[in-house]
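Understanding the architecture of this molecule
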Amino acid sequence: MRTKPYVGIRPPGDEGGRAERLHRRTAPYGLDIHSVVQSRWIVVVKAFTCDHYVVPLPPGHRFPMEKYRLLREAVVSSGVLLAEDIFAPELATDQQILRAHDHAYVEKVKAGKLRDKEVRRIGFPWSPELVRRTRCSVGGTISACRAALDDGVAANLAGGTHHAFRNHGQGYCIFNDCVIAIRAMQAEKRIQRAVILDGDVHQGNGTAALATDDPTIFTFSVHGDRNYPARKERSDLDIGLKDGTGDSDYLDAWDSGLRRALKQASGDLAIYLAGADAYWDDRLGHLAMSKAGLAERDRLVFERCARANMPVATVMAGGYARDIRDTVEIHLQTVRVAVESLAHL
């Protein structure tokens, strides 16, 4: 990992002229090396990771924190990205976080002054490592948004903390990275409007609440209607699905929902929460999606956004499969589809 920024689509000369590295970039996507050389461009998607911050969790804790390291390793070992294309982002600052969260809440998180009830609601025991990791995850989404606006597509290999409200966290979410990142892009004068496309199986209640009175953020969620949270907030567009919903009905919901969301949002940027927890063998999902169906969802999102000339920053959101390797594979195919979508523009 490197923290030094670079341009996302680079001439071959920036690769040092080494054919092997050029081949490694193009071969996984069926691109002809000679036509890529003639076009003088190499597709590079920037990704950001925070797995270097290790959060101490008690034995038996059900959150799969290890998936972030495994995903980074899989992205590199599969050839989807090179290790040098994965960056450690800057930590989110107080100024950035406070655009979405209450000052008193942020101070309690920083100082470890959350009440026991608040800690239980979040689901993680407080630690300094948790605070640093949370700032890094938010920073990864901010960085992915900047990169997407520069290059068309980018990814945070974490993120999607959509259950965080202005003055409290819940459901493994402390700060709402997507709303913070959008407001950071607005503060930097890079965008005016954005759309959040939430594919986590649990409704993004915190996101919906934070954006309720903000006409510049359009929120769209496809989720399990009877799944967590029991009390749902009102997004700009919600599609609640019955338990056991499979590929066909799920993809129909995304097809119709995307048409409406992208048209109504008129956004300059999309943040896509590519949740893996709609998978049929997810412990917390209750839907019946196949891996192929989830990959098709990813393609649909990236293709529709490309048609709308809308950059996409994708974040991983939830995934709690009984076998962690399934969650990692689903997240990996999201990154692969993201790279393919840019490669074939």
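Residues numbered from 1 in each chain as written. Predicted model: local features only at pLDDT ≥ 70, side-chain atom pairs only at ≥ 80, totals over all residues. Heavy atoms only, no water.

What follows covers the sheet that holds strand β10 (residues 312–315). Taken in spatial order, the eight strands make up an open sheet running β4-β3-β5-β10-β9-β6-β7-β8, and their pairing is parallel. Edge positions in the sheet fall to β4 (86–87) and β8 (237–241), since each has one partner strand and no second. In this sheet, β8 lies alongside strand β7 (residues 217–224) in parallel orientation, the contact comprising five bridges. The partner of phenylalanine 220 across the bridge, within β8, is leucine 237. (Pairing = 2+ DSSP bridges. Helix = DSSP H or I, 4+ residues; strand = E, 2+ residues; numbered from the N terminus.)

Two aromatic rings, taken as a pair, are described by how far apart their centres are and by the angle between their planes. If you walk through the whole model with that rule in mind, you get 12 aromatic pairs. Residues phenylalanine 220 and tryptophan 254 carry aromatic rings whose centres are separated by 5.3 Å and whose planes lie at 75° to one another, so their mutual orientation is edge-to-face. With a gap of 34 residues between them, phenylalanine 220 in strand β7 and tryptophan 254 in helix α10 (residues 247–265) connect regions that are remote in the sequence. Side by side, phenylalanine 220 and tryptophan 254 carry an identical accessibility label, which is buried. With 6.2 Å between their ring centres and 80° between their planes, tryptophan 254 and tyrosine 272 make a pair best called edge-to-face. Here the residue tryptophan 254 occupies a position in helix α10, and tyrosine 272 occupies one in strand β9 (residues 270–273), the gap between them amounting to 18 residues. The buried category is assigned to tyrosine 272, whose relative accessible area is 0%. One aromatic cluster in this structure is built from Phe63, Tyr68, Phe124, Tyr172 and Tyr320. (Phe/Tyr/Trp six-rings, centres within 6.5 Å; stacked < 30°, edge-to-face > 60°. Buried < 20%, exposed > 50% of the residue type's maximum accessible area, 1.4 Å probe, protein only.)

Time to look at the pairing of β9. Residue alternation in β9 divides its side chains into two sets, Ala270 and Tyr272 and Ile271 and Leu273, and both sets are buried. Where β9 lies against β10, four bridges are found, and the strand directions are parallel. If you follow alanine 270 over to β10, its bridge partner there is valine 312. Read as a crossover between parallel neighbours, the route from β9 over helix α11 (residues 291–307) to β10 is right-handed. (Right-handed = clockwise from strand over helix to strand, strands pointing away.)

Looking now at the side chain of aspartate 200. Mapped onto the fold, aspartate 200 is located in the loop between β6 (194–198) and α9 (205–211). There is no salt bridge for the buried aspartate 200, and the closest opposite charge comes from lysine 67, which lies 7.3 Å off by N-O distance. Within the structure, aspartate 200 has its side chain in polar contact with the backbone nitrogen of histidine 202 (distance 2.8 Å). Apart from the residues within four sequence positions on either side, aspartate 200 is in contact with His162, Val222, His223, Leu273, Gly275, Asp277, Ala317 and Gly318. (Lys, Arg positive; Asp, Glu negative; His and termini not counted. Salt bridge = Lys/Arg side-chain N within 4 Å of Asp/Glu carboxyl O. Polar contact = N/O pair within 3.5 Å; in protein donor to acceptor, adjacent residues only side chain to side chain. Contact = heavy atoms within 4.5 Å.)

Looking now at helix α3 (residues 67–77). Residues of α3 that are buried include every one of Lys67, Tyr68, Leu71, Ala74 and Val75, and no others. Along the axis of α3, the buried residues cluster in a sector spanning 125°; they form a single face. In the stretch just after α3, glycine 79 is the one whose phi turns positive, near 85°. (Arc of directions from axis to C-beta.)

To continue, consider the confidence of the model for the protein. Summing up the model confidence of the protein, the mean pLDDT is 90 and the portion of residues at 70 or higher is 87%. Confidence over residues 1–19 falls short of pLDDT 50; this stretch has 45 contacts with residues more than four positions distant or in other chains. Between residues 33–41, whose pLDDT stays under 50, and residues either more than four places distant or in other chains, the model counts 17 contacts. (pLDDT = per-residue confidence, 0-100.)

Okay, unusual backbone geometry next. For residues other than glycine, phi is negative in most cases, and the peptide bonds are mostly trans. Each neighbour pair has its own omega, and for tyrosine 228 with proline 229 the value is -5°, a cis peptide bond. Relative to the helices and strands, proline 229 resides in the loop between β7 and β8. The phi angle at serine 266 is positive, at roughly 50°, despite the residue not being glycine. As for its position among the elements, serine 266 is in the loop between α10 and β9. We classify serine 266 as partly exposed; its relative accessible area is 49%.

Locating asparagine 227 in the fold gives a position in the loop between β7 and β8. Residue asparagine 227 is classed as buried on the basis of its relative accessible area of 8%. A polar contact of 2.9 Å, which involves the side chain of asparagine 227, links it to the backbone oxygen of glycine 285.

Now for the packing of α3 against helix α12 (residues 324–343). Orientation of α3 relative to α12, taken along the N-to-C sense of each, is 50°, at an axis distance of 9 Å. Considering their axes alone, α3 and α12 lie oblique with respect to each other. The way α3 lies across α12 gives a crossing that is right-handed. Residues Lys67, Leu70, Leu71, Ala74 and Val75 of α3 form the contact with α12, whose own contacting residues are Ile324, Thr327, Val328, His331, Leu332 and Val335. Split by residue class, the contact of α3 with α12 holds eight nonpolar, two polar and one charged. (Axes fitted to C-alpha atoms, helices over the stretch in contact; angles between N-to-C directions. Parallel < 35°, antiparallel > 145°, perpendicular 65-115°, else oblique. Left-handed = near helix turned anticlockwise from the far one by under 90°. Nonpolar A, V, L, I, M, F, W, Y, C, P; charged D, E, K, R; others polar.)

The next thing to look at is α11. Here α11 contains 17 residues, and its C-alpha end-to-end distance of 24 Å stays within 8% of the 24 Å for a straight helix at 1.5 Å per residue. Of the positions making up α11, those classed as buried are Lys291, Gly293, Leu294, Ala295, Arg297, Asp298, Leu300, Val301, Phe302, Arg304 and Cys305. The elements touched by buried residues of α11 are β5 (153–156), β6, α10, β9, β10 and α12. Looking one or two residues beyond α11, the residue adopting positive phi is asparagine 309, at roughly 55°. (Expected span 1.5 Å × (residues − 1).)

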